[in-house]
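Read off the chains here:
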Amino acid sequence: MPSLLFCGPKLAACGIVLSIWGVIMLSMLGIFFSAKSAVLIEDVPFTEEDIRDDKNPPQTIYGLYNQVGINCFIAASIYVGVGALSLCQVRLNKRQEYMVT
Amino acid sequence: MSSLFRSEEMCLVQLFFQTESAHNCISELGHLGLVQFKDLNPGVAAFQRRFVKEVKKCEEMERILRYLEKEMVKSNIVIAATKEKEMVPCARDVLEFESTFEKLEQELREINRNHAALRQNLIELMDIDSLLRMTEDFFEEAESLLTYSEPPSEDSVSMTVSSHITSRRNSNSSTSGALHLSFIAGVIKQDRFPAFEKVLWRLFHGNFVLRHAEMQATEELQALRGAVKKDVFIIFVQGDHVREKIRKVCEGFRASLYSCPKTLYERKQMSNSVMTQMQDLRMILRRTEEYRAGVLTRAAEHVQEWSSKVKKMKAIYYTLNLCNIDITQKLIVAEIWCPVSDLTLVQSALIKGSEQSGSSVTPVLNRIQTQQTPPTFNRTNTFTEGFQAIIDAYGVGTYQEINPAPYTIVTFPFLFAVMFGDCGHGLVMTLFAVWVTSQAESLRKWKNELTDVVIGGRYIILLMGMFSIYTGLIYNDCFSKSFNIFGSSWSVRPMFHPHGPWQNETLHEYHHLQLNPFVPGVYSGDPYVFGIDPVWNIASNKLSFLNSFKMKMSVILGVSHMLFGVALSLVNFVHFRKFQDIFLQFVPQLIFMLSLFGYLIFLILYKWCITLRSEMAPSILLLFINMMLFDYQSEHVLLYRGQKGVQIFLVLTAVLMVPVLLLVKPFLIYRTRMKTRHQVFGNNLNDQHGTDTRSSFSQHQKDEMVSMGDIFVYQAIHTIEFCLGCISNTASYLRLWALSLAHAGLSCRSTCTVFGNNLNDQHGTDTRSSFSQHQKDEMVSMGDIFVYQAIHTIEFCLGCISNTASYLRLWALSLAHAELSEVLWRMVLQVGLKISSGMGSLMLVVLFAAFAVLTVTVLLIMEGLSAFLHALRLHWVEFQNKFYEGSGYKFTPLSFDSLLKTQH
């Protein structure tokens, strides 16, 4: 079986750090979007029609908030995968170090 | 008492010890690491010192040790780590080590030489072996050509054949056998072969047969020789005379030629003998390598210990070079600087050393008084040494001057954090610093200069990160978004009908609407509990509020920092007992700063506390400028009753302080000098009569004339500087001009002293010339004092204004950081957040990675370095020039620990 190792030790370590940061920050963003925080209003993709044509305000905007929140959670879970992959790479690198010496 | 408050009190101590115990005593002192040896032979050149031969021997030994270590690394032999404390090296160890090392080195070099020669032999034999194998095919082919005149059969061997030759061969086929052809066989590098062939072709016009084949590269061959490809070739020619030419060509192409026997039987014999020879050689090579490994392994157990011993010996001999050896050769005298509180430790170390060497006489410590300035020693631990290092980078403190380091531990990270203020970035920085601190020892092994700097400053970075989290919470800024933890004090709903003026149509008409705090319910009346209200994050006039806040905060912080610096100068004056300076320098400086800039802070705080209608609120900057220009027109709004009177009084006080700073101190010095001179003058007048008195008197007059010119010069400087006002740029220009004027004044004075000197030499008596010498000294110092005072005053007054303005960089940098952070969020992360479909999450993943990388590189590293530099500049220039002299030299003790640490 060919080696599953495709990145060196430093890149794998960076990957782990980035994934941890990504998981924490994106999940927190997801929570804040689901809590409909006012500070994040500019990150929600609403248009003029959404506000004007809203039959039951502010449900459209709330719906958009929820969508963005779910996107954030999905991205956080993808980062969990990236983190697991980086962890594998780190372990493989360590094993290769042992075998050479 | 050891603390960071002030540098330690040092004493100069004379040591006397016997020559036999010298090594042990100095070694004990080196282990202690608390004394600095003074050079008692400063005039002696390096190669004339007493122990220079021993130092050279130590260096030679170090070279041998380095060679040994390199060999060990090449052969992958592990160097054992040292045990804890080695025995003290003594003088006869030097000789013993010397002989051991030389023997080791010679042995190793011989082994290496033999090894190389054996390898070369083996390579040659392998060449011959493959040559013999390959030429079998050629010979067979040649015979087949001669006898059967058929085209050669296809082989795995590549051939170069010319049809011309084949035809010729065929013509001669009947009578000539293989015996008429002579041949030359050899090995040549593959990339040289085409050129070789061309040259042969041109020389012999195809009158030869050339066969070549690539040599199979076996594993062994590759290990021995490397990846160089070589070809075996054989040339069949007629005639011996041609052979010589070909031989020369082969030499030119560096092909190695081997003699090949003609008959098959001989070739087989040769092949067998080559085989046996190769086997023997391989065995010998293996044995040699084993022997070499054995020698190196035995040496590897001790090499660390040896190298640290050699280093210590070299340090000891270097130190002995600094001492004095008296005539009887029995006693060594050394002078050391050592902290007063450690004298007992030094004494006990010396006693231990002399006991170890077995000498009967204990060394004598003799503390001597001296006028020389001792070195500056600040006792630091791992936490404080980083901060002490950044103070020392600007200038090592004068002996016993107050040390700014303990305050820097707080103010430096705080000023950094004011410029950096972001919770999220601060958190990342803190986590990074915690990681570096925990991994400090293993990171030191990387031996990179950059990592060494980061490791040295790990506590500084940790504090900077923690303070940044704090200021981030105050600015309410985390990756450019605010937290609403306590509930905002502003509410938008009351602005609408029926409480307030807004209707549904208002929203459609206007793009920007302003919340009116006077409408009940909009502003709850209590400000946000901790920090900036989160509502400002979504307000479009956020910057006009934040800029005003940050500018005023920077000025307040700056003036407080500078006042603190001035207060520290008071402590210095009290310690050095310059009580006159307290009244002539500290008090006027304090009054000047308080009356102008203290009043500015008062205005800022007062305006923040009272309630004003924003249309009618006066700008503080305008108020301040009008105060300096005495501009009080009736339509200007004032903040409180009686403001005009207070301001006029304060400005006049400040202005009054300037001549006090400028003139009083030089005047007092002048008066004391005049008094002493009158006494001396009176004595001289009694001793001599006649023309001598007149010359001295004219000297005196000239002296006064020069001082008056001085006074006019700096008077002019002072007046013009005051009139042009308080704007910092103009003030900086003036400082340059004033200093150049002062320099001109100083050079003018020095020419006058030369003139005065000439006048004295024309009259001849010793007493008179000594008197005028005394006068000349006074004359120079008097002018010096005036100029120094002028420079100092101008620098302080102009400096106050420019330094206060300089603190505005706190505002500028924090604004830059906040804006960069916001731009990064909006341009990178928001693009991913705004995509509401499913693809949004994938885009978010990629864009978050970009956001993280850019945050770390631009915001953390670049902005962090920038804020670090500016905070450092604020400390070094604006804070420290209020009290710090920094003209000392650092205490560098003889310490084996730091010696061994730096080398490794």
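Treat the numbers as computed from the prediction; the structure is a model and nothing was measured.

Caption draft 1: Structural context of the overall build of chain B. Of the regular secondary structure elements, chain B holds 26 helices and nine strands. Expressed as a percentage of its 904 residues, the buried residues of chain B come to 45%. Sequence-distant contacts, at least 24 apart, represent 83% of the contacts inside chain B between residues at least 6 apart. Of the roughly 48400 Å² of accessible surface on chain B, a fraction of 60% belongs to carbon and sulfur atoms.

Caption draft 2: Layout of the interface of chain B and chain A. Contacts between the two partners involve 29 residues from chain B, matched on the other side by 25 residues from chain A. For the chain B and chain A pair, buried surface summed over both sides reaches about 2200 Å², with 73% attributable to carbon and sulfur atoms. Among the residues of chain B in contact with chain A, Leu833, Val845 and Phe848 of chain B are the three that bury the most area, contributing 26% of the side total. Applying the counting criterion to the chain B and chain A interface returns one salt bridge. Of the charged contacts in the structure, one is a salt bridge between Lys481 of chain B and Asp43 of chain A, with a shortest N-O distance of 3.7 Å. Inspection of the region where chain B meets chain A yields seven residue pairs in polar contact (both at pLDDT 80 or more). Among the secondary structure elements, those contributing two or more residues to the side of chain B that touches chain A are helix H24 (809-833) and helix H25 (839-879) of chain B. With eleven residues, H25 of chain B is the largest single contributor of residues to the side of chain B that touches chain A. Residues that form the side of chain B that touches chain A fall into these classes: 17 nonpolar, ten polar and two charged.

Caption draft 3: Just the packing of aromatic side chains, in detail. Residue and element names in this part refer to chain B. Under the criterion given, the structure shown has 39 aromatic pairs over all chains. Taking 6.1 Å as the distance between ring centres and 80 degrees as the angle between the ring planes, the aromatic pair formed by Phe602 and Tyr640 counts as edge-to-face. Taken as a pair, Phe602 in helix H18 (residues 579-609) and Tyr640 in the loop between helix H19 (620-629) and helix H20 (643-687) lie far apart in primary sequence, 38 residues in all. A relative accessible area of 39% means that Phe602 is categorised as partly exposed.

Caption draft 4: Examining the environment of Thr408 of chain B more closely. As for its position among the elements, Thr408 of chain B is in helix H11 (residues 405-420). Spatially, the C-alpha atom of Thr408 of chain B lies 9.8 Å from that of Leu872 of chain B, the residues being 464 residues apart in sequence.

Caption draft 5: Inspection of the UniProt feature "transmembrane region" (unreviewed entry) in chain A at higher detail. Residue and element names in this part refer to chain A. As recorded in UniProt, the sites labelled "transmembrane region" (unreviewed entry) are residues 12-35 and 68-88. Spanning residues 12-35, this segment combines 96% helix with 0% strand, and its end C-alpha atoms are found 34 Å apart. Span residues 68-88 is 100% helix and 0% strand, its end C-alpha atoms 31 Å apart.

Procedures and definitions
Along each chain, residues carry numbers from 1 onward, in the same order as the chain's sequence is written. Going through the entries in the order they are written, you letter the chains from A and number the ligands from 1. Given that this is a predicted model, residues contribute local features only at a pLDDT of at least 70 and side-chain atom pairs are listed and counted only at 80 or more, while totals for whole chains, interfaces and linings are drawn from all residues. Just so you know, side-chain values use all the structure's heavy atoms and leave hydrogens and water out. Secondary structure elements are taken from DSSP: a helix is a run of H or I of four residues or more, a strand is a run of E of two residues or more, and numbering for both begins at the N terminus. Only protein chains enter the accessibility calculation, which uses a 1.4 Å probe; a residue whose area is less than 20% of its type maximum is buried, one above 50% is exposed, and one in between is partly exposed. The contact definition used throughout considers only heavy atoms, calling two residues in contact when any of these lie within 4.5 Å. Per-residue accessibility takes into account occlusion by the displayed protein chains alone, with areas from the Shrake-Rupley method and a 1.4 Å probe. Buried area: the sum, over both parts, of the accessible surface (1.4 Å probe) that disappears when the two are put together. What counts as a salt bridge is simple: a side-chain nitrogen of Lys or Arg found within 4 Å of a carboxyl oxygen of Asp or Glu. Identification of polar contacts relies on pairs of N or O atoms within 3.5 Å, with a donor-acceptor requirement for protein atoms, meaning one able to donate a hydrogen and the other able to accept it, and with residues adjacent in sequence counted only if both atoms are side-chain atoms. Gly falls in the polar group here, along with every residue not listed as nonpolar (Ala, Val, Leu, Ile, Met, Phe, Trp, Tyr, Cys, Pro) or charged (Asp, Glu, Lys, Arg). Under the pairing criterion, centres of Phe, Tyr and Trp rings, with the six-membered ring standing for Trp, must be within 6.5 Å; the plane angle then separates stacked pairs below 30 degrees from edge-to-face pairs above 60, leaving the rest tilted. UniProt positions are given in the numbering used here, feature names are shortened, and annotations may be inferred rather than shown by experiment.

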